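# Structure at a glance
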Amino acid sequence: MQGILFSLLAGVFICLQSVFNAQASTKLGLWQTNAIVHGVGFLVSFAIFLYVRDGDWKSIGEVNKVYLLGGVFGALIVFSVMKGITTIGPAYAVSILLISQLLVALLIDSLGLFGVQKVPITLNKIIGIGIMIAGVMVFKFK
């Protein structure tokens, strides 16, 4: 249940962040907004880390360096979402974002990439993605 709750919260926060960022970018520019968003995010994350102390800096040597590219992905994600929302609107942009996220997650699961447990692709999963794609098409086309 905790995983479902945090996933729901993430969905709400991603949507709000996306709209806020897109609105800010119309005045500030995409990359300036991106830099501010990540700077503020760093400050908040670091402050929470100092309070919670849930990690060990010494362990960073044990982490596969490829996994530290999450920050690079974060910058590209924020830029892409802002550009999508300012170009095609929040609902359509987020719908496409969710489908692409699900497709990549399915690929990662089914191939067992990046150390995740391999989960086979089933007909139900393929039908579910097909329904989502059809839903976006119905949503967009009048």
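Residues numbered from 1 in each chain as written. Predicted model: local features only at pLDDT ≥ 70, side-chain atom pairs only at ≥ 80, totals over all residues. Heavy atoms only, no water.

Here the structure, examined in full by the defined rule, presents 4 aromatic pairs. Both rings, one in Phe-42 and one in Phe-46, keep their centres 5.7 Å apart while their planes meet at 15°; by these two values the pair is stacked. Highlighted residues: Phe-42 and Phe-46, both in helix α2 (residues 30-52), separated by 4 residues, approximately one helical turn. On the basis of relative accessibility, which here comes to 52%, the residue Phe-42 falls in the exposed class. Ring geometry for Phe-46 and Phe-49: centres 6.2 Å apart, planes at 35°, overall tilted. One end of the pair is Phe-46 and the other is Phe-49, both in helix α2 and 3 residues apart, which spans about a single turn. Owing to a relative accessible area of 36%, Phe-46 belongs among the partly exposed residues under this scheme. Ring pairs connect the aromatic residues Phe-42, Phe-46, Phe-49 and Trp-57, which therefore count as one cluster. One residue, Lys-140, lies across the ring of Tyr-92, its end atom 4.8 Å from the ring centre. (Phe/Tyr/Trp six-rings, centres within 6.5 Å; stacked < 30°, edge-to-face > 60°. Helix = DSSP H or I, 4+ residues; strand = E, 2+ residues; numbered from the N terminus. Buried < 20%, exposed > 50% of the residue type's maximum accessible area, 1.4 Å probe, protein only. Lys NZ or Arg CZ within 6 Å of the ring centre and 35° of its normal.)

Right, let's talk about unusual backbone geometry for a bit. In the Ramachandran plot, Arg-53 falls in the positive-phi region, its phi being about 55° despite a non-glycine side chain. Checked against the element boundaries, Arg-53 lands in the loop between α2 and α3 (70-88). Non-glycine residue Phe-114 carries a positive phi angle of around 60°. Position of Phe-114 relative to the elements: it lies in the loop between α4 (90-111) and α5 (123-140). The class for Phe-114 is exposed, based on a relative accessible area of 54%.

A word on α4. Over its 22 residues, α4 runs 31 Å from end to end, which matches the ideal 32 Å to within 8%, given 1.5 Å per residue. When α4 is considered as a whole, its buried residues turn out to be Tyr-92, Ala-93, Val-94, Ser-95, Ile-99, Leu-106 and Ser-110. Positive backbone phi, approximately 65°, marks Gly-112, located one or two places after α4. (Expected span 1.5 Å × (residues − 1).)

With that settled, consider α2. Here α2 contains 23 residues, and its C-alpha end-to-end distance of 32 Å stays within 8% of the 33 Å for a straight helix at 1.5 Å per residue. Taken as a whole, α2 has its buried residues at Leu-30, Thr-33, Asn-34, Val-37 and Phe-49. On its buried side, α2 packs onto α1 (2-28) and α3. Just past α2, the residue Arg-53 takes up positive phi, approximately 55°. (Contact = heavy atoms within 4.5 Å.)

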